[in-house]
Amino acid sequence: MTLVVGGGLVVAGALAALVYALLDSVALPPERTDVPYDAAPVEPAPEPTASEPDVKEDVTITACTRDPQIGWQSAEVKVVNGSSGVASYHIGVEFLDKDGVRVADSVTGVVDLAPGRSAVKKVQGLGEVPRGTTCRLRDLTRMPSGSAG
């Protein structure tokens, strides 16, 4: 019986030595720091040139109406691409009550609008709003896009 216990201890010791040797040869990850990883440099977005108008000049509200039957507000927006290339637009409209509190909002988009071309879109609010609600543009984005076709 003593031989069995002794043999078991020898095997256990050998196994422990093997595990220790293997762990010693495995590379551990570097210590954690608060310094961010080295990443590829991020190129800043190009600044608009003086010849490119601000997107706010490209988008106007041409109508702001409340449906008399269901009380939902909508806006009609006209987009004229004033940039030098084909562009896509994200247009947000918010609907404000007479006190200037937002009561609804909605978004629309225009895709692949050629320079100098225009598009008219309806931006439909969801839900009933009070009489006297007005429309205001928000979150306008113009992004260069594929070719118009």
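Preceding this section is the structure that the text describes.
1. Focus: the nonpolar core
Moving on, step 1. One finds Val59, Val79, Tyr89, Ile91, Val93 and Val110 to be the most contacted residues of the largest nonpolar core, which totals 18 residues.
Moving on, step 2. Broken down by secondary-structure element, the contributors of at least two residues to this core are strand 2 (72-80), strand 3 (87-96), strand 4 (102-113), strand 5 (118-128) and strand 6 (134-144).
Moving on, step 3. Here this core gets five residues from one element, more than from any other, and that element is strand 3.
Moving on, step 4. Discounting chain neighbours no more than four positions away, the residues touching Val59 are Val77, Lys78, Val79, Tyr89, Ile91, Leu137 and Leu140.

2. Considerations on unusual backbone geometry
Moving on, step 1. A positive phi is found at Asp112, a non-glycine position, where the angle reads about 55°.
Moving on, step 2. Summarising the element assignment, Asp112 is placed in strand 4.
Moving on, step 3. Positioned with a positive phi, Asp139 is a non-glycine residue whose angle comes to about 50°.
Moving on, step 4. Structurally, Asp139 is set in strand 6.

3. Remarks on the sheet that holds strand 4
Moving on, step 1. Across the sheet, three strands lie side by side as 4-3-6; this open sheet has antiparallel pairing. Each edge of the open sheet carries a strand with a single partner, namely strand 4 and strand 6. In this sheet, neighbouring strand axes are inclined to one another by 15° on average, regardless of whether the strands run parallel or antiparallel.

4. Observations regarding the pairing of strand 1 (residues 59-66)
Moving on, step 1. Pairing analysis gives seven bridges linking strand 1 to strand 2, with the strands arranged antiparallel. Looking across to strand 2, one finds that Arg66 is bridged to Gln73.
Moving on, step 2. Joining the antiparallel neighbours strand 1 and strand 2 is a turn of five residues, in which Gly71 adopts a positive phi near 80°.

5. Comments concerning the sheet that holds strand 2
Moving on, step 1. Pairing is antiparallel across the open sheet formed by three strands, whose spatial order is 1-2-5. Sheet topology places strand 1 and strand 5 at the edges, where each strand pairs with a single neighbour. For this sheet, the mean angle separating the axes of adjacent strands, direction not counted, is 20°.
Moving on, step 2. Note: strand 2 against strand 5, eight bridges, orientation antiparallel. Each residue of the ladder has a partner; that of Val79, found in strand 5, is Ala119.

Rules of the game
- Residues numbered from 1 in each chain as written.
- Predicted model: local features only at pLDDT ≥ 70, side-chain atom pairs only at ≥ 80, totals over all residues.
- Heavy atoms only, no water.
- Core = buried A, V, L, I, M, F, W, Y, C linked by side-chain atoms within 4.5 Å.
- Buried < 20%, exposed > 50% of the residue type's maximum accessible area, 1.4 Å probe, protein only.
- Helix = DSSP H or I, 4+ residues; strand = E, 2+ residues; numbered from the N terminus.
- Contact = heavy atoms within 4.5 Å.
- Pairing = 2+ DSSP bridges.
- Axes fitted to C-alpha atoms, helices over the stretch in contact; angles between N-to-C directions.

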